[in-house]
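Chain and residue survey
In case you want the letters, here they are:
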Amino acid sequence: MESKNSVLKRIIRYFIRGLVLVAPLYATGLIIWTGVQYLDNIISIDIPISNNQYVYLPGLGIVLIILVIILLGFFFSTIVPQSFVKFAESIMRRIPLVSLIYYSIKDLILAFVGDKKKFNQPVLVTMYKETQIKKIGFITQTDLSHLNIADHVAVYMPLSYSLSGELFIVPSEHVVVLNASSTDVMKMLVSGGVSVKVPREETAEED
């Protein structure tokens, strides 16, 4: 009886290990493939091989989109005067709805890939002094003088298992900068605290 239980436990253990290996790979591949198909549909390219026969090459649309973006970046960086770009943006700034959408998306992209990146300073915020409940977030603004707010900072707190989050304006004294990688902190927040970087010593012990 004990031998049967040990075999069953071993089978269950192998199944769990296989599931841990296969499920993330499948989910990652599915998400990437869905993204590839979505971007390819923006610029659908079919290569003719014979009469009324075409071949679809996955990723060709993405390559074309990337090349177009690079060419546009080169064009507006070297050929088009920056004064014209600033003039065009000043016009867009005056259009209410367009301004809101355009600059929100532009600032979001610059927060990840621009020279002044955001989401790179993880902090620990004391939400309630009485219970000492704390939340982890990222400082996005340290100067809020344009809102007539002093001694406060803007902290963005992502929601777990979601691409959304909340923005809090908190006193600077309630914020403690974390000595941790912003990438690791973001993974921890998005995964609801499940994904935590494990020290090599602990990993070696488990093995």
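Everything below is about the structure printed above this text.
Read on for a plain summary of the structure. Worth saying up front: this structure is predicted, and the values here are computed from it rather than measured. (Residues numbered from 1 in each chain as written. Predicted model: local features only at pLDDT ≥ 70, side-chain atom pairs only at ≥ 80, totals over all residues. Heavy atoms only, no water.)

Attention now moves to the overall build of the protein chain. When its secondary structure is counted, the protein chain shows six helices and seven strands. For the protein chain, the α and β elements follow one another from N to C terminus as α-β-β-α-α-α-β-β-β-β-β-α-α. Going through the 207 residues of the protein chain one by one, you find that 16% of them count as buried. Pairs at least 24 residues apart make up 30% of the contacts formed inside the protein chain by residues separated by at least 6 positions. (Helix = DSSP H or I, 4+ residues; strand = E, 2+ residues; numbered from the N terminus. Buried < 20%, exposed > 50% of the residue type's maximum accessible area, 1.4 Å probe, protein only. Contact = heavy atoms within 4.5 Å.)

So, about the side chain of H174. Secondary-structure assignment places H174 in the loop between β6 (165–171) and β7 (175–177). Exposure remark for H174: the relative accessible area of 16% places this residue in the buried category. Excluding its chain neighbours within four sequence positions, the residues that come into contact with H174 are L124, V125, T126 and K129.

Next up on the list: the environment of I49. Examined against the element boundaries, I49 turns out to sit in strand β1 (residues 46–50). The contact partners of I49, leaving out residues within four places of it in the chain, are Y54 and V55.

Overall, the coordinates contain one salt bridge when judged by the stated rule. Note that D184 is salt-bridged to K187, the shortest N-O span being 3.9 Å. One end of the pair, D184, and the other, K187, are both in helix α5 (residues 182–190), three residues apart, so they sit about a helical turn from each other. (Salt bridge = Lys/Arg side-chain N within 4 Å of Asp/Glu carboxyl O.)

Considering the arrangement of structural elements, one finds T140 in strand β4 (residues 133–141). A relative accessible area of 15% means that T140 is categorised as buried. Once residues within four sequence positions are removed from consideration, T140 is found in contact with K118, F119, A154, Y156 and L167.

Both strand β3 (residues 122–128) and β4 contribute to a ladder of six bridges, which runs antiparallel. Within β4, the residue paired with P122 across the bridge is F138. Hairpin connection between β3 and β4: a loop of four residues separates the two successive antiparallel strands, and Q132 in this loop has a positive phi of roughly 60°. Examined bridge by bridge, β3 and β7 share three bridges and lie antiparallel to one another. Directly across from V123, in β7, lies its bridge partner V177. (Pairing = 2+ DSSP bridges.)

Turning next to the nonpolar core. It is characteristic of soluble globular proteins that their nonpolar side chains tend to be buried jointly. Within the largest apolar cluster, eight residues are counted, these being V123, V125, I139, V153, V155, M157, V170 and V175. In terms of residue count, strand β5 (residues 152–158) provides more of this core than any other element does, three residues in total. Residues A111, F119, F138 and L189 belong to the second largest nonpolar core, which totals six residues. (Core = buried A, V, L, I, M, F, W, Y, C linked by side-chain atoms within 4.5 Å.)

Time to look at a positive patch on the surface. Together, K9, R10, R13 and R17 make up a positively charged patch on the protein surface. By the element assignment, R17 lies in helix α1 (residues 2–42). With a relative accessible area of 58%, R17 lands in the exposed category. (Patch = residues over 30% accessible without salt bridge, like charges linked within 9 Å, V, L, I, M, F, W, Y side chains within 5 Å. Areas by Shrake-Rupley, 256 points an atom, 1.4 Å probe, with all protein chains shown as cover. Lys, Arg positive; Asp, Glu negative; His and termini not counted. Charge placed at Lys NZ, Arg CZ, Asp CG, Glu CD.)

This part covers the packing of aromatic side chains. Considering all chains together, one arrives at one aromatic pair under this definition. Plain terms: the ring middles of F75 and F76 are 5.4 Å apart, the flat faces sit at 90° to each other, and that makes the pair edge-to-face. (Phe/Tyr/Trp six-rings, centres within 6.5 Å; stacked < 30°, edge-to-face > 60°.)

Our next topic: the pairing of β6. In this structure, β5 lies alongside β6, joined through seven bridges in antiparallel fashion. Looking at the pairing, V153 lines up with V170 of β6. What sits between the antiparallel neighbours β5 and β6 is a turn of six residues, in which Y161 has the positive phi angle 50°.

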